Amino acid sequence: MTGISRRKLISTGVGAAAGVSGVAVAARLARRYGLIPPDSGGLYGPGETLTYAAQRFLTRHSMAREFARSQISKQPFPDEVGPLSEKFWRFEERQFVDWRVTVDGLVARPASFSLSELRSFPRRSQITQLACEEGWSYIAEWIGVPLSHILNLVATLPQARYVVYRSIQPDWWDSIDMADALHPQTLVTHAMNGSDLPVAFGGPLRLRVPRQLGYKNIKYLTQLTVTDNLKQFGKGLGSASPEGGYAWYAGI
Ligand SMILES: Nc1nc2c(c(=O)[nH]1)N[C@H]1C(S)=C(S)[C@@H](COP(=O)(O)O)O[C@H]1N2
Ligand SMILES: [Mo]
């Protein structure tokens, strides 16, 4: 059974849902097409792989649901964040004029973009839902630069597979694969509901990934690193989330 124990399958419920042989086939296909998520080694390994691989086969080009303007939440409630550093508040005092996002890794032209440069780039807006894994959510209009535009400017190399993104809060970093990185709804967001993005919602810049759960939407974005391998980042699981028991892939 290709090294996947029956106990593991039963413990995730996948064995019952998909049939043991179905999982083995999915695992083989997933390996062949590079669809193994970086946190697949854990207890929920086969389940995570099946979810990620199935989503990538079935929904590669699908869009997160967009809502009507009348459905925007009247009083969106931001999740609390840990204390922000002195350094952050110095940026804030100067209206974030010297806030920058560096882009490095597997790119032909590494770059660093200021907030005003990013604001001058082509923008896209979308009315989507942000859903926390803890169960609450809100709908807002998000305005920003498609991440694909930035990746085109720096010219990602052909071996690029993931984009790792970091916050000024060192504990908050994450990564997405190129399907999500190049997806038209993935935005480096600088405005929300018609104003500059408020600090409580991640301002001045936040990576908005509406096809995944709230925790993949990192606030206070400072760095984008293009890579072919997530092993060298943190504990090698693709983000801090799997270290705390949350899946790397949080597709919705
Ligand atoms: N830098 C940073 N990004 C973050 C967080 C955080 O604490 N710090 N919390 C995450 C979690 S768990 C969720 S659910 C969403 C919450 O977004 P909201 O405050 O807009 O609801 O932001 C995510 N991004
Ligand atoms: Mo969350």
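Residues numbered from 1 in each chain as written. Chains lettered and ligands numbered in written order. Predicted model: local features only at pLDDT ≥ 70, side-chain atom pairs only at ≥ 80, totals over all residues. Heavy atoms only, no water.

1. Concerning the sheet that holds strand β1 (residues 100-105)
Phase 1 of the analysis: As summarised here, the arrangement of the 5 strands in space is β2-β1-β10-β5-β6, forming an open sheet in which the pairing is mixed. Each edge of the open sheet carries a strand with a single partner, namely β2 (111-114) and β6 (173-177). Taken over all neighbouring pairs, the strand axes of this sheet differ in orientation by 20° on average, direction set aside.
Phase 2 of the analysis: Where β1 lies against strand β10 (residues 221-227), 4 bridges are found, and the strand directions are parallel. Looking at β10, one finds that Gly105 is bridged to Val226.
Phase 3 of the analysis: On the sheet, helix α7 (residues 147-154) packs against β1, β2, β5 (162-167), β6 and β10 and is oriented at approximately 135° with respect to β2. (Pairing = 2+ DSSP bridges. Helix = DSSP H or I, 4+ residues; strand = E, 2+ residues; numbered from the N terminus. Axes fitted to C-alpha atoms, helices over the stretch in contact; angles between N-to-C directions. Contact = heavy atoms within 4.5 Å.)

2. Some thoughts on the pairing of strand β7 (residues 187-192)
Phase 1 of the analysis: Most of β7 sits out of view: 6 of its 6 residues are buried.
Phase 2 of the analysis: Looking at chain direction, strand β4 (residues 137-146) and β7 are connected through 5 bridges and run antiparallel. Looking across to β7, one finds that Val145 is bridged to Val188.
Phase 3 of the analysis: With 3 bridges connecting them, β7 and strand β9 (residues 206-208) associate as antiparallel partners. Along β9, the bridge assignment pairs Leu187 with Arg208.
Phase 4 of the analysis: As paired elements, β7 and strand β8 (residues 195-196) share 2 bridges and run antiparallel to each other. (Buried < 20%, exposed > 50% of the residue type's maximum accessible area, 1.4 Å probe, protein only.)

3. A few points about the environment of Trp89
Phase 1 of the analysis: Its location among the elements puts Trp89 in helix α5 (residues 86-93).
Phase 2 of the analysis: Discounting residues that sit within four places of it in the chain, Trp89 has contacts with Leu84 and Val199.

4. Considering the confidence of the model for the protein
Phase 1 of the analysis: Residues of the protein with pLDDT of at least 70 account for 87%, and the chain-wide mean is 89.
Phase 2 of the analysis: For residues 1-18, every residue scores under 50 in pLDDT, and the model assigns this stretch 25 contacts once sequence neighbours within four places are set aside. (pLDDT = per-residue confidence, 0-100.)

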